[in-house]
Amino acid sequence: MPTRPHTEQGATPSSDTPSVDERTLYDATDEEGDDGRPSGDVSDGGHDILESEDERERLLTQKEGFSGLFHTHGVKIGRRDEKQPRPAQAKRRRGGRGRGEARELMYEMEEGIGGSESSIERRSSESDEQRLLGVAAHRTGRRQRIWRRVAMHASIVVLFGVLLFAAYRVSNTRRPPRTAAMVSNGTSLFAPTTILISLDGFRADFLYRGLTPTLNKFIENGISPKYMLPSFPSVTFPNHYTMATGLYPEAHGVVGNSFWDPALQKEFYYTDPERSLQSFWWGGEPVWATAERQSVRVAVHMWPGSEAHISHIEPAYVDKYNGSELLPLKVDRILGLLDLPGPLDPSVRADHPRPQLIAAYVPNVDGDGHRYGPNSTEIRDTIKSADDMLASLLHGIEARNLTNIVNVVVVSDHGMATTDVSRLIQLEDLIDPNELEHVDGWPLYGLRPKKIEDLERLHKQVLDRTKDNPNVEVYLRDKDMPERYHFSNNERIAPLWIVPKTGWAIVDKSEFDVEKGKANGEIYHPRGLHGYDFEHPLMRAIFVARGPAFPHKPNSRMDPFQNIELYNIICDSIGVEPVPNNGTLRLPLKPVGLHTDPETPPNETPSDPVSSYTSSSSSSSSSSSSSSSSSPSSSPSPFLSYMTMTPFSSLISSASGLEGQLPSLDSTSTWTQQTTPTSSAPPVASSSKTPESLWEWLTHKGEKIGDWVDEFLHKHVPGRENGTSVTPSANV
């Protein structure tokens, strides 16, 4: 057999019997017709090609998610690790190529011609990349369209929310809360409205003097207790802010008309705006802030504390204090506020809303009570004027058909007690002022030693020097301050207190020299004082209410309560939720009967002035002194008790025009107090008093006659000044 010539490297053999590689390629060309051909028929080179293409597809598919998300089109192409198993889809690959093409491919592979493998890979890669890039672009566009839709819908929702909130705010400034019931007076719709009037210094028994027909009629038509108790100390600023917040003074921080704050190193003084109208003095939340925070508009007329920007919530209207304002102008102001357009009236203005709460302060009774005394002729006229003011207000309310629509509440902050030069205690007789850093309060005194380690010594010293004087009490804030006072849990309260009994006062020599005043027949001013034990009958205040928030039988009577309850009552009357406070009463009030019921306690007029009580030791000392001396120098010192008068006092009362108004001075001064859960029994006068000597009796009578003459000349002789008078710079 002739020998077959040797073919060139890479040429296809002429034998009809195909090689293994040819069969592999042939089989690959038949993929369209036989998808189930075993993958083992593919040559090793075909394996590499198929695995490379599969790896490219996998990498492109993984990259697609990132490129679609971040809008990038870079693709990383690499070969698959030969150690990784070939996927099942490598069994079926591209077809359509003819057998000749396969032979040519095989020839090129075997002969190594022209890098055929890289050419195939490049063409396949480009085709796959274009296809995958198209898919990625489609998916990217779809995501962009979805995100655009989401952004558009979110913008619509946000815009709708903004418009809804703006509409709510606009409607909320124009309309009262939806829970408020609107009532028409025939011309306008009114939300729940309350007028709160405070008559400073109006003592409860002023109602029994026949001077207040309007107030007495108001009681017959409304609900009231026999009296309302103030808080301790019974002075103006702490009690007005207690009524406004429902907090004891120790809780809201205004613990007196004047006091020292050791943390701030500042002094509070009520008549000085630079030392009283800063918000840091005023704790708690007053009723006007509570109401405004709940979109109920408020007008405050001169109420103590209303100008201090408390809680940074401003009432709709704040009238600054003007002690000389005439009472008819106050009535005009209140009625003018009621005449403003309501929230549903066409002429309503956002900057001039009609308030639902009007709180007004009337200082006149307190001012004249200090100036002339609570039993003077002048105070009678002042009480009548306050009653006339209330009559004008109620008449204006009735003329507007608002009697059964607007609530009216009349209160006072404390009472008033008569004082004079015979009931003064010199501070320098008790303690050396040079040892004190600050002195707080008046007529009771809070003492702050310069050295706190001296506190116990000074306390013992004051106790020793007052042990024979029953008209003064001494307390340590952190040791024996009466719990019922609620006057110990605040560093603004001085650590040592000297508290005089009702009608007495403590004075330093720069204010009034007691010994010289007595010797010269001087008159001590003020003639009336308060600030004493809040449960004493002379310190009692008033509360009377009438209106739709008080749907009780006319002339209803309720048990006495303390003024910490007023805050809740006012909040409930205008439909706002009070913040936590010390009060517990809520509307509706619970009457216990009528003022006309047989079991109703009788109207009580306490003795004023209050005679002092005599301790046994001071009585003995006084008796011994009077029997051994008949000179004027034996007159009682301020530490001795104030002795009771004889029927000669009736002559003084008749001459002064106060007969029937002043209590009899010849009777032993005793005052009764209704027992309450928080009250304490008053001290009882000693049953064994040492009789006065004739000289002492004449001395006392002469002092009283001299006081009456001085007062008569002071009132009726123009330009005449009788003796030296000392008057505080402002009412307390």
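Position numbers for residues count from 1 along each chain, tracking the sequence in the order it is written. Confidence filtering applies because this is a predicted model: local features only for residues at pLDDT of at least 70, side-chain atom pairs given and counted only at 80 or more, and all residues used for totals across whole chains, interfaces and linings. Remark: hydrogens and water are excluded; side-chain values derive from all non-hydrogen atoms of the structure.

Looking at an unreviewed UniProt entry, one finds the protein named Phosphodiest-domain-containing protein and attributed to Amniculicola lignicola CBS 123094.

A. Looking closely at the overall build of the protein. Only runs of H or I of at least four residues qualify as helices and only runs of E of at least two qualify as strands under DSSP, and these elements are numbered from the N terminus. When helices and strands are tallied, the protein shows 17 helices and 23 strands. Accessible area is worked out with a 1.4 Å probe on protein chains only. A residue is then buried under 20% of its type maximum, exposed over 50%, and partly exposed in between. When each of the 732 residues of the protein is scored for burial, the buried share is 49%. In what follows, a contact means two residues having at least one pair of non-hydrogen atoms within 4.5 Å. A sequence separation of at least 24 residues applies to 75% of the contacts in the protein between residues at least 6 apart. Accessible surface, the protein: about 35,500 Å² in total, of which carbon and sulfur atoms supply 54%. Note on areas: Shrake-Rupley with a 1.4 Å probe; residue coverage comes only from the protein chains shown.

B. Structural context of the sheet that holds strand β14 (residues 436–440). When DSSP finds at least two bridges between two strands, those strands are taken to pair. Strand order in the open sheet formed by four strands is β14-β15-β17-β16, and the pairing between neighbours is antiparallel. Where the open sheet ends on each side, the last strands, each with one partner, are β14 and β16 (472–476). The mean angle between the axes of side-by-side strands here comes to 20 degrees, regardless of whether they run parallel or antiparallel. Across the sheet, helix α12 (residues 455–466) lies against β15 (445–449), β16 and β17 (496–500), angled at about 165 degrees from β16, the strand it touches most. To get an axis, a line is fitted to the C-alpha atoms, and for a helix only the part in contact is used. The angle between two axes follows their N-to-C directions and goes from 0 to 180 degrees.

C. Structural view of the pairing of strand β20 (residues 543–546). Of the two faces of β20, the one lined by Phe543 and Ala545 and the one lined by Val544 and Arg546 are each fully buried. Note: strand β11 (residues 406–411) against β20, four bridges, orientation antiparallel. Bridging from a neighbouring strand, valine 408 pairs with arginine 546 of β20.

D. Layout of a positive patch on the surface. Each patch is assembled from residues with relative accessible area greater than 30% and no salt bridge, linking like charges that lie within 9 Å and nonpolar side chains (Val, Leu, Ile, Met, Phe, Trp, Tyr) that lie within 5 Å. Salt bridge, as used here, is a side-chain nitrogen of Lys or Arg placed within 4 Å of a carboxyl oxygen of Asp or Glu. None of His or the chain ends enter the tally, which takes Lys and Arg as positive and Asp and Glu as negative. Charge coordinates come from a single atom per side chain, which is NZ of Lys, CZ of Arg, CG of Asp or CD of Glu. A cluster of basic residues, Arg142, Arg143, Arg145, Arg148 and Arg149, forms a positive patch at the surface. Along the chain, arginine 143 turns up in helix α4 (residues 116–174). On the basis of relative accessibility, which here comes to 35%, the residue arginine 143 falls in the partly exposed class.

E. Structural context of the packing of aromatic side chains. In this scheme Phe, Tyr and Trp rings, the latter by its six-membered ring, pair at centre separations within 6.5 Å, and the angle between planes marks the pair as stacked below 30 degrees, edge-to-face above 60, and tilted otherwise. Going through the model one piece at a time under the given rule, you end up with 19 aromatic pairs. Here the aromatic rings of phenylalanine 202 and phenylalanine 206 are separated by 5.5 Å at their centres, their planes lie at 75 degrees, and the arrangement is edge-to-face. The burial state of phenylalanine 202 is the same as that of phenylalanine 206; both residues are buried. On the basis of an interplanar angle of 85 degrees and a centroid distance of 5.6 Å, the ring pair of phenylalanine 259 and tryptophan 281 is categorised as edge-to-face. One end of the pair, phenylalanine 259, is in strand β6 (residues 258–261); the other, tryptophan 281, is in the loop between β7 (266–269) and α8 (287–293), and 22 residues separate them in sequence. Residue classification places tryptophan 281 among the buried residues on the basis of a relative accessible area of 1%. Taken together, the ring pairs connect Phe237, Tyr241, Phe259, Phe268, Tyr269, Tyr270, Phe280, Trp281 and Trp282 into an aromatic cluster.

F. Representation of helix α14 (residues 566–573) within the structure. Counted residue by residue, α14 has eight buried out of eight residues, so it is predominantly covered. For α14, the full list of buried residues reads Leu566, Tyr567, Asn568, Ile569, Ile570, Cys571, Asp572 and Ser573. Positive backbone phi, at 75 degrees, marks glycine 575, one or two positions downstream of α14.

G. Region of interest: the pattern of salt bridges. A full pass over the atoms with the stated rule returns 25 salt bridges. Residue arginine 297 pairs with glutamate 292 through a salt bridge whose shortest N-O separation is 2.9 Å. In this structure, aspartate 319 and arginine 333 form a salt bridge, with 2.9 Å as the shortest nitrogen-oxygen distance. Of this pair, aspartate 319 sits in strand β9 (residues 317–319) while arginine 333 is found in helix α9 (residues 327–338), placing the two residues 14 residues apart along the sequence. On the accessibility criterion, aspartate 319 (16% relative accessible area) is buried.

H. Fine view of α12. Under the 1.5 Å per step criterion, the end-to-end length of α12 is 17 Å for twelve residues, consistent within 8% with the ideal 16 Å. Those residues of α12 that fall on the buried side of the exposure criterion are Leu455, Leu458, His459, Gln461, Val462 and Thr466. Relative to the axis of α12, the buried residues are bounded by an arc of 160 degrees and lie together on one face. Multiplying one less than the number of residues by 1.5 Å gives the expected span of a helix. In this description, the arc belongs to the directions extending from the helix axis to the C-beta atoms.

I. Examining the nonpolar core more closely. Ranked by size, the top nonpolar core spans 98 residues in total, and within it Ile197 and Phe543 carry the most contacts. Looking at this core element by element, the count peaks at eight residues for helix α11 (residues 377–399). Here isoleucine 197 is in contact with Ile334, Ala360, Val362, Met389, Leu393, Val409, Val410 and Val411, once residues within four sequence places are set aside. Take the buried residues of types Ala, Val, Leu, Ile, Met, Phe, Trp, Tyr and Cys, join any two whose side-chain atoms come within 4.5 Å, and each joined set is a nonpolar core.

J. Quick look at the packing of helix α5 (residues 213–221) against α11. Here α5 crosses α11 at 55 degrees, and the two axes come no closer than 7 Å. For the element pair α5 / α11, the angle class is oblique. For the pair formed by α5 and α11, the contact residues are Pro213, Thr214, Leu215 and Phe218 on the first element and Asp387, Leu390, Ala391 and Leu394 on the second. Each angle is binned into one of four classes, with values under 35 degrees roughly parallel, values over 145 roughly antiparallel, values of 65 to 115 roughly perpendicular, and all other values oblique.

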